[in-house]
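# Secondary and tertiary structure notes
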Amino acid sequence: MKKLVLLGALALSVLSLPTFADDKPVKIGIEAAYPPFASKAPDGSIVGFDYDIGNALCEEMKVKCVWVEQEFDGLIPALKVRKIDAILSSMSITEDRKKSVDFTNKYYNTPARLVMKSGVQVSDSLAELKGKNIGVQRGSIHERFAREVLAPLGAEIKPYGSQNEIYLDVAAGRLDGTVADATLLDDGFLKTDAGKGYAFVGPAFTDVKYFGDGVGIAVRKGDALKEKINTAITAIRENGKYKQIQDKYFAFDIYGK
């Protein structure tokens, strides 16, 4: 009888413990090269909207999160081989990416834009881009859009490892312009000294085929972490934490419709 009681107590204690998976930290992949979403502070720490949102979600889920820096085009491969558990790095939800990963609900949504020299006129037809060198980040949705839409119009598409490298070549005159997220371009380039004399040109790009249904957090196919994050996104939207973080970086509703 004592043995049965002891075994019952042990079984009860095991059931009351968190699972091993819950004890493990959640490793989040990010590329810290996209202010105001993610960049490096002078002391080397990561700062930005994505970083703050991620920490708020981890706090809401009551899990320990570890940030893992990775170049953007290496994030999905790193997720697949389990070097990271989630990607929170301004990654747009697209049908092409859904073939490889699962996405949470969106946590923000902004259009893509083209930046060139102030005064350059670009019509909705984009015909004026013929012969222009346009920089895009390698592996991004903007690269696919540029290759499939701008290149057939005669634009020369130049892929780069990071958006910061593109800014340097735009400012140096080696590129005529770049296509990227509008908020990223505004804060990361146009509002800086290097971006003086440059402006948004042409139309806003919102085609779901290329730019998806907003920006989400990627996890491995079938991972239960997806629903946990979705619940946390809803919670921080409702309890005011999301707006508190948003207002720190933006003067508008970045969540979108």
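The structure contained in this document is the topic of the report that follows. Quick caveat, the model's predicted, so the values are computed rather than measured.

Attention shifts here to helix α11 (residues 241-249). Tyr242, Ile245 and Gln246 are the residues of α11 that are buried. The buried residues of α11 occupy an angular sector of 100° when projected down its axis, which confines them to one face. Of the exposed residues in α11, those oriented more than 90 degrees away from the buried face are Gln244 and Lys248. The inward-facing, buried residues of α11 contact α3 (49-61) and α10 (225-238).

Let us now look at the side chain of Ser162. Secondary-structure assignment places Ser162 in the loop between β9 (156-160) and α7 (163-171). Ignoring any residue separated from it by four or fewer positions in sequence, one finds Ser162 in contact with Glu31, Tyr34 and Gln137.

Right, let's get into the state of the cysteines. For the coordinates displayed, the defined rule picks out one disulfide. What pairs with Cys58 in a disulfide is Cys65, and their sulfur atoms sit 1.8 Å apart. On the sign convention where negative is left-handed, the bridge of Cys58 and Cys65, at about -90° about the S-S bond, is left-handed. Take Cys58: its relative accessible area is 5%, and that puts it in the buried class.

On to the environment of Ala38. Locating Ala38 in the fold gives a position in the loop between β1 (26-30) and β2 (39-40). Here the alpha-carbon distance between Ala38 and Phe49, two residues 11 residues apart in the chain, equals 6.5 Å. Not counting residues up to four positions away in its chain, the partners in contact with Ala38 are Ile30, Glu31, Ala32, Ala33, Val47 and Gly48.

Right, let's get into the pairing of β1. With four of five residues buried, β1 is to be regarded as a mostly interior element. Relative to strand β4 (residues 65-69), β1 is paired through five bridges, and the arrangement is parallel. In the sheet register, Lys27 faces β4, and the bridge partner there is Val66. The pairing of β1 with strand β5 (residues 86-92) spans two bridges and is classified as parallel. Looking at the pairing, Gly29 lines up with Ile87 of β5.

Below, the discussion takes up the packing of α7 against helix α8 (residues 182-190). α8 packs onto α7 with a crossing angle of 55° between their chain directions and a minimal axis gap of 11 Å. When the axes of α7 and α8 are compared, the pair comes out oblique. Seen from above, α7 lies across α8 with right-handed handedness. Residues Gln163, Tyr167 and Val170 of α7 form the contact with α8, whose own contacting residues are Leu184, Leu185, Gly188 and Phe189. Here the contact of α7 with α8 is built from residues that sort into five nonpolar, two polar and no charged.

Ordered in space as β4-β1-β5-β12-β6, the five strands form an open sheet in which the pairing is mixed. Strands at the two margins of the open sheet, each flanked by one partner only, are β4 and β6 (102-103). Strand direction decides the pairing type here: β6 and strand β12 (residues 215-219), joined by two bridges, are antiparallel. Bridged to Asp102 within β12 is Val219.

What describes a pair of aromatic rings is the distance from one ring centre to the other and the angle between the planes of the rings. The final tally for this structure, using the stated rule, is 18 aromatic pairs. Measuring from ring centre to ring centre gives 6.0 Å for Phe49 and Tyr242, while their planes differ by 90°; the resulting arrangement is edge-to-face. Pair noted here: Phe49 is in helix α3 and Tyr242 is in helix α11, with a separation of 193 residues, a long-range link. Just as Phe49 is buried, Tyr242 falls in that class too. Note on Phe49 and Tyr249: the rings are 6.3 Å apart at their centroids and 85° apart in plane angle, and the pair reads as edge-to-face. With Phe49 in helix α3 and Tyr249 in helix α11, this pair connects stretches of sequence that are 200 residues apart. Under the relative-accessibility criterion, Phe49 is labelled buried at 0%. Grouping aromatic residues by their ring pairs yields a cluster made of Phe37, Phe49, Tyr107, Tyr108, Tyr242, Tyr249, Phe250 and Tyr255. The positively charged end of Arg237 is found above the aromatic ring belonging to Tyr242, 4.9 Å away from the centroid. Over the face of the ring belonging to Tyr255 we find Arg237, whose NZ or CZ atom lies 3.6 Å from the ring centre.

What counts as what
Residues numbered from 1 in each chain as written. Predicted model: local features only at pLDDT ≥ 70, side-chain atom pairs only at ≥ 80, totals over all residues. Heavy atoms only, no water. Buried < 20%, exposed > 50% of the residue type's maximum accessible area, 1.4 Å probe, protein only. Helix = DSSP H or I, 4+ residues; strand = E, 2+ residues; numbered from the N terminus. Arc of directions from axis to C-beta. Contact = heavy atoms within 4.5 Å. Disulfide = S-S within 2.5 Å. Pairing = 2+ DSSP bridges. Axes fitted to C-alpha atoms, helices over the stretch in contact; angles between N-to-C directions. Parallel < 35°, antiparallel > 145°, perpendicular 65-115°, else oblique. Left-handed = near helix turned anticlockwise from the far one by under 90°. Nonpolar A, V, L, I, M, F, W, Y, C, P; charged D, E, K, R; others polar. Phe/Tyr/Trp six-rings, centres within 6.5 Å; stacked < 30°, edge-to-face > 60°. Lys NZ or Arg CZ within 6 Å of the ring centre and 35° of its normal.

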